[in-house]
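Inside the fold
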Amino acid sequence: MEYSFLPCGDSAVTVLFKKEISKENNALVTSLDRLVIDRKIKGVTETVSAFSSLTVFYDCTVISFDRLTKKLSKLIKKIRVESERRVRVWDIPVCYEGELSPDMDNVCAHTGLTRDEVITLHTSKPYLIYMLGFLPGFAYLGGMDERLFTPRLKTPRLEIFEGAVGIGGEQTGIYPMASPGGWQLIGKTPVKVYDKSKSEPILYKAGDYIQFFSVDYDAFCDIQRRVESGEYTPEFREVTL
């Protein structure tokens, strides 16, 4: 197994695996993340996973760089990546209609697909969450059908609405809050994937999956009302992938 350590100042170290975006690399990163958290290494304060790396933050007055990397090396040797594993798949409703999908025509024109074909492909399978970044709760999703690949907008918007579901090149994702952005917007989810009032504000984790399902505007409004009143809780399935 290829890996190396990159010091990040005196309070963090990044574990670098093979430089590629793949399910195998994601499994290594998320497995190591779980091991570090489960072992509760004294001095470790936080972990942040990325496409092919895990950054471990630590208190250098409690544990040294050398001692921490030795512990991490031992944990890496314990990783066993299976070809199939149990994962969580979050079912996320999306309305692909009207003003909630302002760039649907762009995507259709670029791909040569009809609106219904775009929706069918976009909801056809679960997407792996490779990493969280850019914004709290913004999940970079992999595995989108290549027929949906669409370049980002030439001029990004100054503000994208919360819950917007978009396509950016080879990836798709959800904007967890209003923000600038350049992805092509094809729908909106009424689900709050980031809620700072909760003890765990981000709905999902790297290594989980998201599967979108289409709802009409009336169903969208009903779910939104239930979300705001606290009556709607997103659900996940545990499956073997």
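Note that this is a predicted model, so its numbers are computed, not measured.

Notes on the overall build of the protein chain
Summing up its helical and strand segments, the protein chain has 5 helices and 14 strands in all. Computed over C-alpha atoms, the radius of gyration of the protein chain comes to 19 Å, within 12% of the 18 Å expected from 2.2 N^0.38 for 241 residues, which places it in the range of a compact globule. Among the 241 residues that make up the protein chain, the fraction classed as buried is 48%. If you take every contact in the protein chain between residues at least 6 apart in sequence, the share linking residues at least 24 apart comes to 64%. The protein chain carries 31 positive and 33 negative side-chain charges, and their two centres are separated by 10 Å.

Side note on the state of the cysteines
In this structure the tally under the stated criterion is 0 disulfides. Lacking any disulfide linkage, cysteine 95 is separated from the closest cysteine sulfur, that of cysteine 221, by 7.7 Å.

What about the packing of aromatic side chains?
Counted by the stated rule, this structure contains 12 aromatic pairs. Taking 6.3 Å as the distance between ring centres and 85 degrees as the angle between the ring planes, the aromatic pair formed by phenylalanine 134 and tyrosine 175 counts as edge-to-face. With phenylalanine 134 in the loop between strand E6 (127-132) and strand E7 (139-142) and tyrosine 175 in the loop between strand E10 (171-174) and strand E11 (179-181), this residue pair connects regions lying 41 residues apart in the sequence. Residue phenylalanine 134 is classed as exposed on the basis of its relative accessible area, which comes to 52%. Aromatic side chains phenylalanine 138 and tyrosine 175 sit 5.3 Å apart centroid to centroid with 75 degrees between the ring planes, which places their arrangement in the edge-to-face category. Within this pair, whereas phenylalanine 138 is found in the loop between E6 and E7, its partner tyrosine 175 is found in the loop between E10 and E11, the two being separated by 37 residues in sequence. When its relative accessible area of 1% is taken as the criterion, phenylalanine 138 is described as buried. Classification of tyrosine 175 as buried rests on a relative accessible area of 1%.

Let's talk about the sheet that holds strand E4 (residues 53-58)
The 4 strands lie next to each other as E1-E2-E4-E3, forming an open sheet whose pairing is antiparallel. The open sheet terminates on both sides in strands that have one partner only, identified here as strand E1 (3-7) and strand E3 (44-49). Each strand axis lies, on average, 20 degrees off the axis of its neighbour in the sheet, ignoring direction.

Some thoughts on a positive patch on the surface
On the surface, a cluster of positive charge is contributed by Arg39, Lys42, Arg67, Lys70, Lys71, Lys74, Lys77, Lys78 and Arg80. Here the positive patch gets 5 residues from one element, more than from any other, and that element is helix H2 (residues 65-77). Along the chain, arginine 39 falls in helix H1 (residues 23-39). Residue classification places arginine 39 among the partly exposed positions, given a relative accessible area of 45%.

Comments concerning the pattern of salt bridges
Taken as a whole, this structure holds 10 salt bridges when the rule is applied. Two residues, arginine 115 and aspartate 105, come together in a salt bridge whose shortest N-O distance is 4.0 Å. Of this pair, arginine 115 sits in helix H4 (residues 115-122) while aspartate 105 is found in helix H3 (residues 104-111), placing the two residues 10 residues apart along the sequence. Taking the relative accessible area as the measure of exposure, arginine 115 reaches 31% and is therefore partly exposed. Salt bridges here are not isolated pairs; linked through shared partners, they connect Asp222, Arg225, Arg226 and Glu231.

So, the packing of H1 against H2
One can describe the packing of H1 onto H2 by two numbers: an axis separation of 10 Å at closest approach and a directional angle of 120 degrees. One way to sum up the angle between H1 and H2 is to call them oblique. Here H1 and H2 pass one another in a crossing that is right-handed. Residue-level contacts link Leu32, Leu35, Val36 and Arg39 of H1 to Leu72, Leu75 and Ile76 of H2. Taken together, the residues of the contact of H1 with H2 break down into 6 nonpolar, no polar and 1 charged.

Concerning the nonpolar core
Of all hydrophobic cores here, the largest spans 33 residues; its most connected members are Ile174, Tyr204, Ile210 and Phe212. Mapped by element, the contributors of at least two residues to this core are strand E5 (86-94), H3, H4, E6, E7, strand E9 (164-168), strand E13 (209-214) and helix H5 (217-228). Beyond its immediate sequence surroundings of up to four residues, isoleucine 210 is in contact with Trp90, Ile92, Lys125, Pro126, Tyr127, Ile129, Leu141, Ile174 and Tyr204. Listed in part, the 17 residues of the second largest apolar core include Leu28, Leu32, Leu54 and Leu75.

Each value, and the rule that gives it
- Residues numbered from 1 in each chain as written.
- Predicted model: local features only at pLDDT ≥ 70, side-chain atom pairs only at ≥ 80, totals over all residues.
- Heavy atoms only, no water.
- Helix = DSSP H or I, 4+ residues; strand = E, 2+ residues; numbered from the N terminus.
- Rg over C-alpha atoms; globule rule 2.2 N^0.38 Å.
- Buried < 20%, exposed > 50% of the residue type's maximum accessible area, 1.4 Å probe, protein only.
- Contact = heavy atoms within 4.5 Å.
- Lys, Arg positive; Asp, Glu negative; His and termini not counted.
- Charge placed at Lys NZ, Arg CZ, Asp CG, Glu CD.
- Disulfide = S-S within 2.5 Å.
- Phe/Tyr/Trp six-rings, centres within 6.5 Å; stacked < 30°, edge-to-face > 60°.
- Pairing = 2+ DSSP bridges.
- Axes fitted to C-alpha atoms, helices over the stretch in contact; angles between N-to-C directions.
- Patch = residues over 30% accessible without salt bridge, like charges linked within 9 Å, V, L, I, M, F, W, Y side chains within 5 Å.
- Areas by Shrake-Rupley, 256 points an atom, 1.4 Å probe, with all protein chains shown as cover.
- Salt bridge = Lys/Arg side-chain N within 4 Å of Asp/Glu carboxyl O.
- Parallel < 35°, antiparallel > 145°, perpendicular 65-115°, else oblique.
- Left-handed = near helix turned anticlockwise from the far one by under 90°.
- Nonpolar A, V, L, I, M, F, W, Y, C, P; charged D, E, K, R; others polar.
- Core = buried A, V, L, I, M, F, W, Y, C linked by side-chain atoms within 4.5 Å.

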